[in-house]
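Listed below, chain by chain, are the residues.
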There are 2 protein chains.
Amino acid sequence: MSLIRIDMTDQRVTSTELPERYRRLGGRGLTAQLLADEVNPRCYALGRDNKLIFAPGLLTGTSAPCSGRTSLGAKSPLTGTIKESNVGGIAGQYLAGQGIRALVIEGAPRAARQWLLILGDGQPRLEIRDELAGRGNYATVESLRAEFGADCAVLSVGPTGERRGALATVAVCDAEGRPTRHAGRGGMGAVMASKGLKAIVVRRPARRGPLPVDSARFSRTVKDFAKGLVAGKKALTSYGTAVLVNMVNEAGGLPTRNFSTGHNDQSDRFSGEKLLQLARERGGRTGHNCHPGCVIRCSNVFHGADGSYLTAGLEYETIALFGPNCGVHDLDQIARFDRLCDDLGIDTMEMGVALGVAMEGGVLEFGDADAMAAAIRATASDEPLGKILRQGATVTGRIFGVERVPAVKGQSLSGYDPRAMKGTGVTYATSTMGADHTAGNCLPGRGGLMGHEATGQTQLSRATQEMSMACDLLGVCVFVGPVAETMPALAELLSAFWGEEVTGAQLLEQGKQVLRVEAEFNRQAGISSRQNDLPAFFRSEPLPNNGQTFDVPVEELNALDFAVVSGADTTG
Amino acid sequence: MSLIRIDMTDQRVTSTELPERYRRLGGRGLTAQLLADEVNPRCYALGRDNKLIFAPGLLTGTSAPCSGRTSLGAKSPLTGTIKESNVGGIAGQYLAGQGIRALVIEGAPRAARQWLLILGDGQPRLEIRDELAGRGNYATVESLRAEFGADCAVLSVGPTGERRGALATVAVCDAEGRPTRHAGRGGMGAVMASKGLKAIVVRRPARRGPLPVDSARFSRTVKDFAKGLVAGKKALTSYGTAVLVNMVNEAGGLPTRNFSTGHNDQSDRFSGEKLLQLARERGGRTGHNCHPGCVIRCSNVFHGADGSYLTAGLEYETIALFGPNCGVHDLDQIARFDRLCDDLGIDTMEMGVALGVAMEGGVLEFGDADAMAAAIRATASDEPLGKILRQGATVTGRIFGVERVPAVKGQSLSGYDPRAMKGTGVTYATSTMGADHTAGNCLPGRGGLMGHEATGQTQLSRATQEMSMACDLLGVCVFVGPVAETMPALAELLSAFWGEEVTGAQLLEQGKQVLRVEAEFNRQAGISSRQNDLPAFFRSEPLPNNGQTFDVPVEELNALDFAVVSGADTTG
C-alpha cells in the first residue's frame, strides 16, 4: 500500500510505503491526519503551501457494498477550514486496486501549464497537456479515454476550477466514462488547478484490491449487509435521491426562493416520481450505480425531451437548490443546469444558493432559467458576474448587499431548510467544514425525532456526524445508514478485512479522533466553535408554511466543539 | 451628561442621563462597553441588530490640547469584529458641548428614506431629506450649512456608504465646513447608511464644555502640556503627517506596488517637503488644525495647480497607499484621489490597498491615475468593479484571485510595511480591529527599537496599544504620544478634570480593561486570537530593499490576546 507524492514545483514524483502510523487510517481519516501533519492551517489555500490529498477509504476496492468512495482533502479556499469532499465514481476502486492509499499533490508549478498525472502505468508520471486548457470535463474525459482507452478512470478540473472558483469541483467519471460524480464542496477543483493539475488518469487495475485477511468471513458479511441494503433502500433505487423532493417538501423544509419558505406546491413537476416517469418515457434510467458493487444504485441517467442523453446523477440537492430555491419548477431546466455544472466543474449546491442570493439581491429574476444558465456559464469566463458567483454564496452576498445568505463558515447550506430539519441545521452549524449535510444529515424521523423538535437535535447531529465519519473512513457511502444499526455491520466488515476484532464502539472512537484532528486544524486557523451557528434570519424569520424558526440554543451549538474532549472546558 | 438613543425603526428619540456605570468611560471605552452590553457579536453588521455609537472622549470639549476626538463604534461590516473608528474635526467638541456623552443609533427604518438628525436645537429630532440621496459629502455639508448656518458641525455619509461599501466612512467637517475628517476604518459609513441616516447636524454649543472640577489645576496642566507639544511636534506642524514619507522611506517600509518593495526613489515628488513647497507656491497651507484647540496642527489645505482649493487633510497614509503603493508619484493626482474619497465617503487606506491588489490581479495598471479615479468613482455606482472594490481589499483579492493581499481579519494594512516596521506589524496582527496602525503605531526608534528588530516588538506593540487606548478614552489625539512620558500628563489632566487623583497606571489599567471587552466581543463573534498574524507573504518574501521579512514568531502574536488576563491560559 503506497503513498504517492507529486511535488508540482518541480514535478518530482515519489512513491513510498504508507508509513506505519497512517496504516489504520483511510479516506477522510487519512486526508485529515496528513493535512494536520503537513499543512499550516493559516496558509493561503490556493498557494504552494496547501496540499490536495486523495485517499480511498479503508474498504474501497473490496467487494464491500457501496464502498467505492474517495476522500479529497485540502484547506478550503471557500471556508478557510479543513475540508474533506467525498466522491463516488470509479476512481476510488481504481486507486485502491493500484495499491494507492494516498495521493498527495503539493507545491505549485512556476509556469502556467496543464499537467496530466498518469497512475497505474508503471511509475506515476506527469505529462503536459496544454491543449486541455479551458476544456470542459466531458471533452477532457473523452479526449483522455480516446488516448488511454475506455478502461481508465479520469479525475478532472473544469474551466471554472481553472479560474480558481471557490465552488469548483473535481469531477470523477462513472463506469460509462461520464464526469458526473463530483467532489463538490469546498473548492477542491480550485486547489487542484492551483497545482497546475488538469486531470488524473488511473489505469484499471488488473484485479480488485485490497484483499481481506479473513476472506470467508468478509464474503459472508458482505452478502448479509448487501441483502439488507437491497431490501431497505428500494426508494433510493427506484427514484434516486430525488425521492427526497416530496419527503422534504412534506416535512416543510424544501428550500424555496432563497430559503424564504419550505413548501412548494409544484413539487410534482420535479419530484423523484417525475424523474422516474421521464426515464420511462424517454429512455434514461434510475437504479444506476455510480461505481461497480453499489447495491443501492441511487444514481440515474437523465435524457432530454429529444430522447438523447443529457446528464447523469441528477441529485436531490441539485433539484432543490436550482429548482424551487431559484423559482424554477421544470425538471428539464434543472437537468440542463446540472449538465452545465458537471461540464464546467461546479458544485451545484453552492451555485444554486449563490444564484438564489443574487436573485434576492436583484441581480437576476427568480425563475429566469436562461439568465441562470448564462450566469453559470459566466463562472468559466472573465465576466464580472461570473467572477463574483464563482466565489460562492457568502461573497456573492457581500458584493450584492444581501443579508439573507444561507451559509455557515463561508459555505452554503444544502437542500434542507434547517428550521424544518433542525438536526441537519445543527450539522450545518457545527460541522468542521461549514454547512455540509453529508457530514451528518438528520432526515425527519431519524433518532425518533421529528425535524421541528429542538430538544435532542444536537445530540442526534453529533451522533450522526460521528457515524458519518465512520463511513468516510471506510470509503462506504453514507447512504448505507448511517444509523446505530449500521455500526456493527461496518465493524464486522473491518474486523474480517483486518483479521482482528474491531467493535462498532472502537470505529466510532476512531471517527471522533478524526473529528478532533479536523476541529484542531480549524482552531489553529482562527475559526473557533463560536462560529457554530446559523445566519440570524433562520432564528428570526419563521417559515411561512409551518411557523418554525431555528430554535436550537446557540450555547448548545457553541459547545458542540469536536476539538474538545468530552467534559473538558471550552473557551475557544 | 446625556445618552441619546435614536431608534430608526420608528424614529423614536430618547434622551436620558448617562447611566452611572458608564460615567467613567469615554470615547472608545464607551462605544466598546455599550456594544458589548447591547449588540450580539454574531449579528449582521448591516442589519437592524447592529448599533452605531458616537462618543466624544472624556476630555473632548475641554481646553485640553488635541482633545477634540470622537469615537464611532459598531460591529464592522468589513472585519466582523468590534470596531472603533476615531475622528477629529469639530463634531466632538460640539457634541460634548451639548452635553452628549453618547449617541446610539439603533434599529433600521422599514422604508428607504434619507434621514437627517438635528442635535442641540431643543430636543433631538429627525427630519426627512430625501433630496440628499446620492449627494457627495461636500454638497451635503454645503446644503446643510446653508440651511442651519455655518456654525454647525456636520457628520455625513457619502454615496459609497449609501451603497453599503464596507470601506465607507462617516465624514466630519472641519472648522471651515469641509468634510475632510473621516471616521475611516471598518465601514462605519455603511452602518450609518444601513440605519437610513444620511447626516447629523450638531448646533454649536453656547459655551465650551464639559467643565473640569479643579479648573485652576486643569488650566495649569493644559498650559504645560501644550507647551511641550508645540515644541516637540514641530515637524508635524510644518509638513503634516506627510513628513513620514521620507522617514518611512528611509526606514525601508514605504509600501510600493502592492507592498512588493519598501523603498521608492521618487519620494521627493510626494514628500512632506513637496507638500509644503506647493502650499507656499499655490496657496493652501500646512499647520492647519482639524479642530480648535489643537496645538499640533498636523492638517493641511492643498490647492491645485490653478491655485484653487482642492482638498484638505492630505495625510501620509493616503499619499503612501494611493501613491507608491499604486505606482503613482504625482502629488496632484494623489490629492485628486483624496478629494474624491472625501466626497464619496471612502477610507483612503482600504481603497488604496484594494486598488493595489486589483493592479496585481491585472484589473488595472500600476500608475494609471485615470483608471484609478474611475475605479474610485465606480464604488458609488452600480458598476461591477465598484461593487467589488467597495467591499475592500480582502474581497477584491478573492474575486481577482490575488494571493498577496495585505490585510488582517479582513481589513487592509496601512502605510507602513510590517517587514521594516515590525512593531506596527505586530499591531496590525493583534489589534482587536484588524490591521489598524492607529491602534498602536510603532515608528522606528520608539521604545528604543529599530523597525527591523524582531525581539521586543510584541511588548512594544502591546504597550503602545494600551497607551493609544488611553488617548482614545480621553478623546485626545494619539499624536500627543503616545509614549510612556505622555501618561502622567494625561493622568494629571484627568485628575484635575474629575477633581480626584488618577495615576497613569490606573488610566492604563482602564485601557486594558476596554481592550479585554473588545477582544471578548471578537471571541464571541468567532474570531479568535489565532487569527493574529500577517498574510504569509510577509514572512516568505524579503523586502528587496533591505532583505527583511516579518519574523516575529506567530506564537507571540497568538499569545497577545487582550481577552486573556495576563498569566491565564489561552485556548481561544
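Fair warning: this is a prediction, and the values are worked out from it, not measured in the lab.

K.L.:
Would you mind going over the interface of chain B and chain A with me for this structure?
P.N.:
Where interface size is quoted, it is often the accessible area lost as the parts come together. With 28 residues of chain B in contact, the opposing surface of chain A contributes 28 residues. At the boundary of chain B with chain A, total buried surface from both sides reaches about 2600 Å², with 48% on carbon and sulfur atoms. It is B:Arg398, B:Ile399 and B:Arg530 in chain B that bury the most area against chain A; as a group they hold 25% of the surface buried on that side. Taken together, the connections running from chain B to chain A amount to zero salt bridges. Linking chain B with chain A are six residue pairs in polar contact (both at pLDDT 80 or more), by the criterion used here. Every element with two or more residues in the side of chain B that touches chain A is listed here: helix H14 (384-389), helix H15 (393-400) and helix H19 (504-524) of chain B.

K.L.:
When you look at the sheet that holds strand E15 (residues 309-312) of chain B in this model, what are you seeing that I'm missing?
P.N.:
The strands that make up a sheet are held in pairs by hydrogen bonds between backbone atoms, and each pair lies either parallel or antiparallel. Residues and elements named next belong to chain B. The sheet built from three strands is open, its strands ordered E13-E14-E15 with antiparallel pairing. Bordering the open sheet on either side are strand E13 (285-288) and E15, each of which pairs with just one other strand. Across this sheet, the average inter-strand angle for adjacent strands is 20°, counted without regard to direction. Sheet topology note: the E13/strand E14 (residues 299-303) ladder contains two bridges and is antiparallel. Within E14, the residue paired with His288 across the bridge is Ser299. Contacting E14 and E15, helix H11 (residues 331-344) runs over the sheet at an angle of about 70° to E15.

K.L.:
I would appreciate a short explanation of the environment of B:Gly253 in the present structure.
P.N.:
Residues and elements named next belong to chain B. Position of Gly253 among the secondary structure elements: in the loop between helix H8 (244-250) and helix H9 (272-282). Owing to a relative accessible area of 0%, Gly253 belongs among the buried residues under this scheme. For the pair Gly253 and Gln11, spaced 242 residues apart in sequence, the C-alpha separation works out to 48 Å. Setting aside chain neighbours within four positions, we find Gly253 in contact with Val248, Gly262, Gly415, Tyr416, Asp417 and Ala420.

K.L.:
Explain the nonpolar core here, please?
P.N.:
In summary, soluble globular proteins display a tendency toward joint burial of nonpolar side chains. A:Leu355, A:Ile376, B:Leu355 and B:Ile376 are the most contacted members of the largest nonpolar core, which totals 246 residues. Those residues within four positions of A:Ile376 in sequence are excluded, and the remaining contacts are A:Phe322, A:Phe337, A:Leu340, A:Cys341, A:Leu344, A:Ile346, A:Met351 and A:Leu355.

K.L.:
Looking at this structure, I do not really get the side chain of A:Lys387. What am I missing?
P.N.:
Residue placement: A:Lys387 occurs in helix H14 (residues 384-389). Of the buried charged residues, A:Lys387 lacks a salt bridge, with A:Asp382 as the closest side chain of opposite charge at 4.8 Å.

K.L.:
Can you walk me through helix H11 (residues 331-344) of chain A in this structure?
P.N.:
Since one α-helical turn is 3.6 residues long, residues separated by three or four positions face the same way. Residue and element names in this part refer to chain A. Its 14 residues place the ends of H11 20 Å apart at the C-alpha level, agreeing with the 20 Å of an ideal helix rising 1.5 Å per residue. Along H11, the positions that sit buried rather than exposed are Leu331, Ile334, Ala335, Phe337, Asp338, Leu340, Cys341, Asp342 and Leu344. If you check the start of H11, you find a side-chain oxygen 2.8 Å away from the backbone N of Asp332, and it comes from Asp330. In the segment just after H11, Gly345 is the residue with positive phi, at about 80°.

Conventions used here
Residues numbered from 1 in each chain as written. Chains lettered and ligands numbered in written order. Predicted model: local features only at pLDDT ≥ 70, side-chain atom pairs only at ≥ 80, totals over all residues. Heavy atoms only, no water. Contact = heavy atoms within 4.5 Å. Buried area = accessible area lost by both parts, 1.4 Å probe. Salt bridge = Lys/Arg side-chain N within 4 Å of Asp/Glu carboxyl O. Polar contact = N/O pair within 3.5 Å; in protein donor to acceptor, adjacent residues only side chain to side chain. Helix = DSSP H or I, 4+ residues; strand = E, 2+ residues; numbered from the N terminus. Pairing = 2+ DSSP bridges. Axes fitted to C-alpha atoms, helices over the stretch in contact; angles between N-to-C directions. Buried < 20%, exposed > 50% of the residue type's maximum accessible area, 1.4 Å probe, protein only. Core = buried A, V, L, I, M, F, W, Y, C linked by side-chain atoms within 4.5 Å. Lys, Arg positive; Asp, Glu negative; His and termini not counted. Expected span 1.5 Å × (residues − 1).

Note that every value here comes from positions in space, so none of it alone points to a role or purpose.
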